[in-house]
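# Chains, contacts and geometry: an overview
Single-letter residue listing:
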Amino acid sequence: MIKLLLSVFLIVSSSICLAKIDSNHWSNTLKPTGISGSKLTLVISGKTSYVIVISNKASTQEQKAASDLQQWLKEISNVKLPIQSDSIKLPQSLHKISIGNTKYFEKLKGPLVKTKLNNDGYGIYCKDYDLFLWGGRLRGVTNAVYALLEEDLGCRWYSDE
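Presented here is a report on the structure given in the accompanying data block. In this text the structure is predicted, and so the values were computed from the model without any measurement. (Residues numbered from 1 in each chain as written. Predicted model: local features only at pLDDT ≥ 70, side-chain atom pairs only at ≥ 80, totals over all residues. Heavy atoms only, no water.)

Okay, unusual backbone geometry next. Phi is positive for S45, which is not a glycine, with a value near 50°. With respect to the helices and strands, the residue S45 is situated in the loop between β4 (43-44) and β5 (47-48). A positive phi angle, close to 55°, is found at D128, a residue other than glycine. Here D128 is to be found in the loop between β9 (122-127) and β10 (130-135). (Helix = DSSP H or I, 4+ residues; strand = E, 2+ residues; numbered from the N terminus.)

Here we take up the sheet that holds strand β6 (residues 50-54). Across the sheet, which stays open at both edges, the 5 strands sit in the order β7-β6-β8-β10-β9 with mixed pairing between neighbours. Either end of the sheet is taken by a strand with one partner, and the two such strands are β7 (83-85) and β9. Adjacent strand axes in the sheet meet at a mean angle of 25° when their direction is disregarded. Note that strand β8 (residues 95-99) and β10 share 3 bridges and pair parallel. Across the sheet, S98 pairs through a bridge with F132, a residue of β10. (Pairing = 2+ DSSP bridges. Axes fitted to C-alpha atoms, helices over the stretch in contact; angles between N-to-C directions.)

Here we take up the packing of aromatic side chains. Counting across every chain of the model gives 3 aromatic pairs. Ring geometry for F105 versus W134: centroids 4.9 Å apart, planes at 40°, classification tilted. Of this pair, F105 sits in helix α2 (residues 103-106) while W134 sits in strand β10, placing them 29 residues apart in sequence. Take F105: its relative accessible area is 4%, and that puts it in the buried class. (Phe/Tyr/Trp six-rings, centres within 6.5 Å; stacked < 30°, edge-to-face > 60°. Buried < 20%, exposed > 50% of the residue type's maximum accessible area, 1.4 Å probe, protein only.)

The following block contains the structure:
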């Protein structure tokens, strides 16, 4: 597997981008359309202030989605973001990547956030410095994680077939 040697993630609320700080220009061909929001830095110079949060009642899909996100972010940045239960009080210095129906997700307000999704539908939302990924009851939350990785961070998976 080719390891990407990129150290900075720039996250934008409706669109997330991966940037490499040098003279080369990186372009994501799958970048979502829409108005970009404020930028978040997930990892910089091998350090993060982010934790992946799942519900203490997380479904198997939510647990797997969190694990996949952790694995691929580590492949990209060489930083392993911890996965924590939402039942653990987090220090205010930490920012959250909420996967699924966490207590933090339940506190969100807004018509798009509470829209009923079909089995495979998903949502990605940024509020302040926190990132929320959720989805329908089958593959929705997994689709949210892989949409973030593919469409927003530019990850690609290739096969020898």
